[in-house]
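Examining the three-dimensional arrangement
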Amino acid sequence: MAGASAVLSDDSSLSRLDRGLLKLETTFAFISGLGAFGLMFLAVVSVVGRNGFNEPLRGYVDWIETAMPLIAILGISYVQRQGGHIRMDIVVGQLRGRALWAAEMITTFGILLLMAALVWGSWAHFLRSFDMTKPLWSRDSTIDIGLPLWPAKLIVPVAFAIMCLRLVLQLWGYGRALVRGLEHPVAVPLVQSVADQAAEEVAHIQGHDS
C-alpha cells in the first residue's frame, strides 16, 4: 500500500475471522521480533567474548543463518493485513469504488497463486531436510556447529500458509465490497488520508498521556 492503512471491523463473519487470524499473525510477528532481539543479544555476547576473553561466540554465523527465516518471513502475513508491503500504486491509487475493488481482487488473487506455489515448493524443500531416522531429525545442518536446518525451513511454508489464509480473507472482503458497492469494506487495508493519519497519531499520543 502507499501510505498508512487502516482495517475496519464490524460484527460480520468476515470481520470475526479477520480478527481471529490477526491474533495468530500478531503472535507470529511477536516471535519474529524476539528472534531479532535474540540475534542482537548473541552479537553482544560474541563481541564481548572476542574483545574481553579472545573467544567469540562459537557458531555465531550458524545461528544467524537459522534465525533469518524467523526474522524475515514469520511476520509476512501480519504486514499484509496492515497493508504494509511495498507496491506500485500509480494506477490502482487513482481508482475508486467498484473499479478499485476489482483491481484489488485481481492483484490479490495473483499474489495468492504465487504464495500457494511457494507453500508447495518450500514444503517440498523442508521434506528434503527432515528425516526422523537421522540424528536431530535432519539430513542437513550448518557447517560450523551442526545446527539442524529443518526448523528454519519449516518456518517458511508455515508463514506462507498463514499468508494464504490472509489473502483468502482479503479476496472475500474485496469481493463483498465489489458486489455490494461498499465505500469502506471491512477486513481489508484502506489507505488513510494525511488528515486521518494525523488524527490517529494525536489519539495515540493522547492515549499514552492519559
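Owing to the predicted nature of the structure, the values given are computational and were not obtained by experimental measurement.

Rules used throughout
- Positions within a chain are numbered from 1, following the residues in the order the chain's sequence is written.
- Predicted model: local features are reported for residues with pLDDT of at least 70 only, side-chain atom pairs are reported and counted for 80 or more only, and whole-chain, interface and lining totals are derived from all residues.
- Side-chain measures here rest on the full set of heavy atoms in the structure, leaving out hydrogens and waters.
- Secondary structure is summarised from DSSP: a helix means a run of H or I of at least four residues, a strand means a run of E of at least two, and numbering begins at the N terminus for each.
- Whether a residue is buried, partly exposed or exposed follows from its accessible area with a 1.4 Å probe, protein chains only, as a fraction of its type maximum: under 20%, in between, or over 50%, in that order.
- Residue contacts are counted whenever heavy atoms from the two residues lie within 4.5 Å of one another.
- Using a 1.4 Å probe, the Shrake-Rupley method yields the accessible areas, and only the shown protein chains count as cover for residues.
- For a helix, the expected span equals 1.5 Å multiplied by the number of residues minus one.
- When two rings of Phe, Tyr or Trp (its six-membered ring) have centres within 6.5 Å they constitute a pair, described as stacked for plane angles under 30 degrees, edge-to-face for angles over 60, and tilted for the intermediate range.
- The convention used is that axes are lines fitted to C-alpha atoms, helices contributing only their stretch in contact, and that angles between N-to-C directions extend from 0 to 180 degrees.
- Under this scheme an angle from 65 to 115 degrees is roughly perpendicular, one under 35 degrees roughly parallel, and one over 145 degrees roughly antiparallel; angles in between are oblique.
- Take the far helix as your reference; a near helix turned counterclockwise from it by less than a right angle gives a left-handed crossing, and one turned clockwise gives a right-handed crossing.
- In the scheme used here, Gly and all other residues not listed as nonpolar or charged are polar, with Ala, Val, Leu, Ile, Met, Phe, Trp, Tyr, Cys and Pro taken as nonpolar and Asp, Glu, Lys and Arg as charged.

Each helix and strand counted, the chain has 6 helices and 2 strands in total. Reading the secondary structure of the chain in the N-to-C direction produces β-α-α-α-α-α-β-α. Going through the 210 residues of the chain one by one, you find that 35% of them count as buried. Expressed as a percentage of contacts within the chain between residues at least 6 apart in sequence, the contacts between residues at least 24 apart total 73%. As displayed, the chain has an accessible area near 12600 Å², and 69% of this comes from carbon and sulfur atoms.

The next subject is helix α4 (residues 97-129). Taking 1.5 Å of rise per residue, 33 residues should cover 48 Å, and α4 covers 48 Å from first to last C-alpha, within 8% of that figure. Taken together, the buried positions of α4 are Leu100, Trp101, Ala103, Glu104, Thr108, Leu112, Met115, Ser122, Phe126 and Ser129. The inward-facing, buried residues of α4 abut α5 (150-180) and β2 (189-191).

Applying the stated criterion to the full structure yields 7 aromatic pairs. Taken together, Trp123, Phe126, Phe130, Trp137 and Trp150 form an aromatic cluster joined through their ring pairs.

Contact geometry for α4 and α5: axes closest at 8 Å, N-to-C directions at 160 degrees. On the basis of the axis angle, α4 is roughly antiparallel to α5. In the crossing of α4 with α5, the sense of the turn from one axis to the other is left-handed. For the contact of α4 with α5, the per-class residue count stands at 27 nonpolar, 6 polar and 4 charged.

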